[in-house]
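Read off the chains here:
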Amino acid sequence: MGTRKCKAPPPTLGRAGTKKELPEHFRDYRHVWVFMELERGQVHPVSFELLGEGRRLADQLGVQLAGVVLGPPGDSTMHAVAEAFAYDADLVYLVEKSLLTDYRNEPFTKALTDLVLTYKPEILLLGATTLGRDLAGSVATTLLTGLTADCTGLDVDADGSLAATRPTFGGSLLCTIYTLNCRPQMATVRPRVMRMPERSTKPIGRVIRHDLAMCEQEIVTKVVGFLSDGQSENANLAYADVVVAGGLGLGAAENLELLKNLARTIGGDYGCSRPLVQKGWMPVDRQIGQTGKTIRPKLYIAAGISGAVQHRVGVEGADLIVAINTDPNAPIFDFANIGVVADAVSFLPALTDVFIRRLAPRNRMRLVN
Ligand SMILES: Cc1cc2nc3c(=O)[nH]c(=O)nc-3n(C[C@H](O)[C@H](O)[C@H](O)COP(=O)(O)OP(=O)(O)OC[C@H]3O[C@@H](n4cnc5c(N)ncnc54)[C@H](O)[C@@H]3O)c2cc1C
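What you see is a predicted model, and the numbers here were worked out from it, not measured in a lab.

S.K.: Just checking my understanding: could you explain the overall build of the protein chain for this structure?
M.R.: Within the protein chain, the regular secondary structure consists of nine helices and 18 strands. Computed over C-alpha atoms, the radius of gyration of the protein chain comes to 23 Å, within 12% of the 21 Å expected from 2.2 N^0.38 for 369 residues, which places it in the range of a compact globule. Overall size of the protein chain, expressed as C-alpha extent along the three principal axes, is 65 × 55 × 45 Å. Taken over 369 residues, the protein chain has a buried fraction of 39%. Of the contacts formed within the protein chain by residues at least 6 apart in sequence, a portion of 68% connects residues at least 24 apart.

As structure tokens, this is what we get:
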């Protein structure tokens, strides 16, 4: 079953398409904001993807694009400010306070809601990361506004409303959601769903500083340290150029070594379909698809994966999809660029051997000569 788009006309449009007036006070809300996610000194790349998308929406609306940076005083926060301009923000709202060193819900929610209440953006975008999901939910609840989570498409409608599209009914339908009665219109987008825009050398522009009237005693959570769960191995699948993934067709947990060997040989990362996570064969941060990671590699090799729509939505952005499946009618062959009808358990080691031979230094010399 494919994914169908179900787009009803927005209720702000009359039956003949004539516009109903938006509430007068909505005019106070202007500009598009992108929350710059900064965690332990690093800007999350989803912030740049959202600046690219925010730029497009701001240009359509004829308004400005702003980055929002919340962090401790210091180099990493100022680096995030500079990066927002490098990815085409017109201005940056900045709250610098040591309370904002590590992410905690209360100070970040207060800083962001204070900024929104003061400067009134019409659209506020955040990454659908662990941090972004937590923050977006509490900010929307505090502001009593609407939030569309995990969007796969954003657009501006005829009346200037944000049309936020996301999968629904288990991924079999796409629905477009409008925030009609409140402002700002908030949306989260998962990493890699939007394209990474070009980085420019644009210098730092206008920075609007805002205070955070809060002290440590008012915050109930304290960060005492960071622990690894010992399982997740810091998978950064979303940004890998080459990904090899396996599904139930691999038959047994020990066959996952075949995937890992191929991924190692070609300098890629590895992932899986959801049933493998449910069986406990792989950690959840290796799951690809609607409820896992979205990936945009140059090469995606799927072994023993049927290609259900919930998996497909996570891999459609790949440049080249190679599918290995015993069933010539498997849905994955509908969207793969190269299809191999074969038993993945014997095909994967054979493919790995070919790569090992091709990538051997002697052969590389021959190619260069
Ligand atoms: C709300 C919701 C969210 C979901 N989110 C996700 C998600 O994020 N990611 C995800 O992946 N799924 C997700 N799913 C599950 C999804 O619907 C499918 O059930 C799942 O993707 C199927 O996984 P699979 O292809 O590994 O297994 P199967 O559908 O069982 O397919 C196995 C495939 O392997 C082939 N095969 C068998 N033996 C071999 C062999 N020896 N060599 C090669 N091929 C072989 C078979 O022909 C078959 O095509 C979600 C489902 C729901 C309802």
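S.K.: Explain the sheet that holds strand β14 (residues 242-246) to me, please; I cannot follow it from the model alone.
M.R.: Strand pairing within a sheet occurs via backbone hydrogen bonds; the two strands may be parallel or antiparallel. With respect to topology, five strands assemble into an open sheet ordered β15-β14-β16-β17-β18, the strand pairing being parallel. Looking along the sheet, the strands with just one partner apiece sit at the ends: β15 (269-272) and β18 (338-341). Each strand axis lies, on average, 15 degrees off the axis of its neighbour in the sheet, ignoring direction. As paired strands, β14 and strand β16 (residues 299-303) are joined by five bridges and run parallel to one another. Counterpart to V244 in the pairing with β16 is I301. Relative to β14, helix α5 (residues 256-265) is tilted by about 170 degrees, and along the sheet it contacts β14, β15 and β16.

S.K.: Sorry, what's going on with the site of the ligand here?
M.R.: The ligand sits among 30 residues. The nearest are G247, G249, S273, G289 and S306. For the shell around the ligand, the secondary structure elements donating two or more residues are α6 (274-278), α7 (309-315), β17 (320-325) and α8 (344-359). Counting residues per element, the shell around the ligand draws most heavily on α7, which supplies three residues. A per-class count over the shell around the ligand returns nine nonpolar, 18 polar and three charged.

S.K.: For this particular structure, what's the right way to read the pairing of strand β6 (residues 91-96)?
M.R.: Inspection of the sheet shows strand β5 (residues 65-71) paired to β6 by six bridges, in the parallel sense. Note on β6: the bridge partner recorded for L70 is V95. Running through helix α2 (residues 75-86), the crossover from β5 to the neighbouring parallel element β6 is right-handed. Relative to strand β13 (residues 206-209), β6 runs parallel, the two sharing four bridges. If you follow Y93 over to β13, its bridge partner there is I208.

S.K.: Just checking my understanding: could you explain α2 for this structure?
M.R.: Along an α-helix, residues three or four apart share an orientation, since each turn contains 3.6 residues. Its twelve residues place the ends of α2 16 Å apart at the C-alpha level, agreeing with the 16 Å of an ideal helix rising 1.5 Å per residue. Turning to α2, its buried residues are T77, A80, V81, E83, A84 and F85.

S.K.: For this particular structure, what's the right way to read the domain arrangement of the protein chain?
M.R.: By a widespread convention, an interface's size corresponds to the accessible area lost as its parts come together. By domain assignment, the protein chain separates into domain 1 (4-218) and domain 2 (237-359). A straight line from the C-alpha centre of domain 1 to that of domain 2 covers 33 Å. In this complex, domain 1 contributes nine residues to the contact, which on the side of domain 2 involves ten residues. Broken down by class, the residue content of the side of domain 1 that touches domain 2 amounts to four nonpolar, three polar and two charged.

S.K.: Even after reading the chapter, I still don't get unusual backbone geometry, so can you show me in this structure?
M.R.: Trans is the common state for peptide bonds, and a negative phi is the common state for residues other than glycine. Here the amide bond leading from R183 into P184 is cis, since omega sits at 0 degrees, within 30 degrees of zero. Among the secondary structure elements, P184 is positioned in the loop between β11 (173-177) and β12 (185-189). Non-glycine residue K120 carries a positive phi angle of around 50 degrees. Here K120 shows up in the loop between α3 (105-119) and β7 (123-127). Given 17 C-beta atoms within 10 Å, K120 falls into the partly exposed group. Not every positive phi belongs to a glycine, and D150 is a case in point at roughly 55 degrees. When the 17 C-beta atoms within 10 Å are taken as the criterion, D150 is described as partly exposed.

Calculation rules
- Residues numbered from 1 in each chain as written.
- Predicted model: local features only at pLDDT ≥ 70, side-chain atom pairs only at ≥ 80, totals over all residues.
- Helix = DSSP H or I, 4+ residues; strand = E, 2+ residues; numbered from the N terminus.
- Rg over C-alpha atoms; globule rule 2.2 N^0.38 Å.
- Buried ≥ 20, exposed ≤ 12 C-beta atoms within 10 Å, placed from the backbone.
- Contact = placed C-beta atoms within 7 Å.
- Pairing = 2+ DSSP bridges.
- Axes fitted to C-alpha atoms, helices over the stretch in contact; angles between N-to-C directions.
- Near = placed C-beta within 6 Å.
- Nonpolar A, V, L, I, M, F, W, Y, C, P; charged D, E, K, R; others polar.
- Right-handed = clockwise from strand over helix to strand, strands pointing away.
- Expected span 1.5 Å × (residues − 1).
- Domains from an automatic or database assignment.

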